[in-house]
Amino acid sequence: MFRPFAIISIALFLSACGGSPRVEPEQMMTPAPKGTFALRDSVAYSQIDPRWKSDRLGNTNDTMGSDGCLVTATAMALTNLGFKTNPQDLNKRLTATDSYTKRGWLIWDGIRRVTDGRAVATFYDEVNAETIDQCMANGDYPLVQFYLPNGRSHWAMIVRHDQRGYHMRDPLRTSSKPLIFPKGIDGYRAVRCVGLAP
C-alpha cells in the first residue's frame, strides 16, 4: 500500500524535467539524524533507466527520459525516507491521481495524495545555504532546481553538505557516489524539501 505526501506550500506546481507508495515500517521510524548534514543515501535512480525512460508523464507526450528529473529525484527522496517506490511506480501513482498539469508539471499536492500524508513537501521562496542546511538538519531531502549547459531546467536531490560543497544525486548522471555540484549555492534557482510528516 502506498502513502501520500502532505504539502506545505502556496504554490502547487513544480516544473517538469495509482494509490500511495508502500512504507517499510522499520525504515519509517529511522529518518536521517537531526542536526547532521549527511542524509541516508540508499538509492540512485536514473530518469533514463530503460525500465521507465519511455513512460509518459501523466497524459502528456513528455517522457520520463526527457522530462522526468523531478519525479525521479522525488522517488529517490521517498525511497530514502522508507517508502517502497521507484520513478515508474511513482509516475503511475501520480498519473492515476491527476497529479500533473496539462503541461506535465508535477503538482505538489499529488505527492500528498500518493503517500496518504506520511510525508511533506515544503516550498521556499528563497534559495540559500541556511534553508538547505536546515532541511538537512531536520532529516528532509532538498530537491534543487538549476539550469543545464543547454539552458534546460533540471532537478536533483542533495544528500550531503560539507567543506567541498553540496553532494547530490543527479537523475541524468548515474554514479557510484553522489556528485558535487560545481556552481555551489549560487547555481540553484529553487528548492523544495521532502521529509516525513511530523
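This text goes with the structure placed above it.
Below you will find a few notes about this structure. (Residues numbered from 1 in each chain as written. Predicted model: local features only at pLDDT ≥ 70, side-chain atom pairs only at ≥ 80, totals over all residues. Heavy atoms only, no water.)

## Observations concerning the overall build of the protein chain
Along its length, the protein chain carries six helices and eleven strands. The proportion of buried residues among the 198 residues of the protein chain is 54%. Only carbon and sulfur atoms are counted for the fraction: they give 51% of the accessible area of the protein chain, which is about 9100 Å². (Helix = DSSP H or I, 4+ residues; strand = E, 2+ residues; numbered from the N terminus. Buried < 20%, exposed > 50% of the residue type's maximum accessible area, 1.4 Å probe, protein only. Areas by Shrake-Rupley, 256 points an atom, 1.4 Å probe, with all protein chains shown as cover.)

## So, the pattern of salt bridges
Counted according to the given criterion, the structure contains eight salt bridges. Residue Arg 152 is joined to Asp 67 by a salt bridge in which the shortest nitrogen-to-oxygen separation is 2.5 Å. With a gap of 85 residues between them, Arg 152 in the loop between strand 7 (141-147) and strand 8 (153-162) and Asp 67 in helix 2 (residues 64-67) connect regions that are remote in the sequence. With a shortest N-O distance of 3.5 Å, Asp 162 and Arg 160 are connected by a salt bridge. (Salt bridge = Lys/Arg side-chain N within 4 Å of Asp/Glu carboxyl O.)

## Focus: the state of the cysteines
Counting across every chain of the model gives one disulfide. A sulfur-sulfur separation of 2.1 Å characterises the disulfide bridge that pairs Cys 135 with Cys 193. Looking along the S-S bond of the Cys 135-Cys 193 disulfide, the torsion reads about 95 degrees, which is the right-handed sense. With Cys 135 in helix 6 (residues 129-137) and Cys 193 in strand 11 (residues 190-196), this pair connects stretches of sequence that are 58 residues apart. A relative accessible area of 1% means that Cys 135 is categorised as buried. On the basis of relative accessibility, which here comes to 0%, the residue Cys 193 falls in the buried class. (Disulfide = S-S within 2.5 Å.)

## Description of the packing of aromatic side chains
Any aromatic ring pair is given by two values, namely how distant the centres are and how the planes are angled relative to each other. On inspection of all chains with the given rule, the structure shows four aromatic pairs. With a centroid separation of 4.8 Å and an interplanar angle of 55 degrees, the aromatic rings of Phe 146 and Phe 181 are classed as tilted. Of this pair, Phe 146 sits in strand 7 while Phe 181 is found in the loop between strand 10 (179-180) and strand 11, placing the two residues 35 residues apart along the sequence. What makes Phe 146 buried here is its relative accessible area of 5%. The buried category is assigned to Phe 181, whose relative accessible area is 8%. Both rings, one in Phe 181 and one in Tyr 188, keep their centres 4.6 Å apart while their planes meet at 20 degrees; by these two values the pair is stacked. Across the pair, exposure class does not vary: Phe 181 and Tyr 188 are buried alike. Taken together, the ring pairs connect Phe 146, Tyr 166, Phe 181 and Tyr 188 into an aromatic cluster. (Phe/Tyr/Trp six-rings, centres within 6.5 Å; stacked < 30°, edge-to-face > 60°.)

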